[in-house]
Amino acid sequence: MSKKTNTLLFILGATVFNILVTIVCFMALFVLFAWLLAPRLPPDAAAWSFPIIFIGAIVLSFIIYRIILKLLFKRVDADKYFDPIFGKRRK
């Protein structure tokens, strides 16, 4: 496969992975909220808790995504397998 194909497949795979990590983080934070905080808070708290849980899931998934990418690129030489997305490489 060419570098451009590898880059396209990596971007698609990384996007799907990031979406799945975000969903898992949201579900985990929601379960933690329902288990730990919901019994102690008034019923109106659910209205403002969902946006906070969603933003927390996005932040947590971004952190996990960055850690996974750093570990991946330590093991894989990006210049060997991937084409640059923006601009040309200097020779």
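Residues numbered from 1 in each chain as written. Predicted model: local features only at pLDDT ≥ 70, side-chain atom pairs only at ≥ 80, totals over all residues. Heavy atoms only, no water.

(A) Expanded view of a nonpolar patch on the surface. On the surface, Phe54, Ile55, Ile58, Val59, Phe62, Ile63, Ile67 and Leu71 cluster together to form a nonpolar patch covering roughly 750 Å² of accessible area. Within the secondary structure, Phe62 sits in helix 2 (residues 45-75). For Phe62, a relative accessible area of 47% translates into the label partly exposed. (Patch = residues over 30% accessible without salt bridge, like charges linked within 9 Å, V, L, I, M, F, W, Y side chains within 5 Å. Areas by Shrake-Rupley, 256 points an atom, 1.4 Å probe, with all protein chains shown as cover. Salt bridge = Lys/Arg side-chain N within 4 Å of Asp/Glu carboxyl O. Helix = DSSP H or I, 4+ residues; strand = E, 2+ residues; numbered from the N terminus. Buried < 20%, exposed > 50% of the residue type's maximum accessible area, 1.4 Å probe, protein only.)

(B) View of the packing of helix 1 (residues 3-37) against helix 2. Packing of helix 1 against helix 2 leaves a shortest axis separation of 8 Å and a crossing angle of 135°. Regarding the angle of helix 1 to helix 2, the classification is oblique. Of the two elements, helix 1 crosses helix 2, and the hand of that crossing is right-handed. Broken down by class, the residue content of the contact of helix 1 with helix 2 amounts to 21 nonpolar, five polar and no charged. (Axes fitted to C-alpha atoms, helices over the stretch in contact; angles between N-to-C directions. Parallel < 35°, antiparallel > 145°, perpendicular 65-115°, else oblique. Left-handed = near helix turned anticlockwise from the far one by under 90°. Nonpolar A, V, L, I, M, F, W, Y, C, P; charged D, E, K, R; others polar.)

(C) Quick peek at helix 2. For helix 2, with 31 residues, the first-to-last C-alpha span of 45 Å sits near the 45 Å given by 1.5 Å per residue. Within the span of helix 2, buried status applies to Ala45, Ser49, Ile53, Ala57, Ser61, Tyr65 and Leu69. Those residues of helix 2 that are buried lie in contact with helix 1. (Expected span 1.5 Å × (residues − 1). Contact = heavy atoms within 4.5 Å.)

(D) Expanded view of the packing of aromatic side chains. One pass over the full model with this rule turns up six aromatic pairs. With centroids separated by 6.3 Å and ring planes inclined at 15°, the aromatic side chains of Phe26 and Phe30 adopt a geometry described as stacked. In this pair, Phe26 and Phe30 both sit in helix 1, four residues apart, roughly one turn of the helix. On the basis of relative accessible area, Phe26 is assigned to the partly exposed category, the value being 23%. Since its relative accessible area comes to 29%, Phe30 is described here as partly exposed. Between Phe73 and Phe82 the ring centres are 6.2 Å apart and the planes differ by 85°, which places this aromatic pair in the edge-to-face class. The exposure class assigned to Phe73 is partly exposed, which follows from its relative accessible area of 35%. Among the residues examined, Phe82 registers a relative accessible area of 18% and is labelled buried. (Phe/Tyr/Trp six-rings, centres within 6.5 Å; stacked < 30°, edge-to-face > 60°.)

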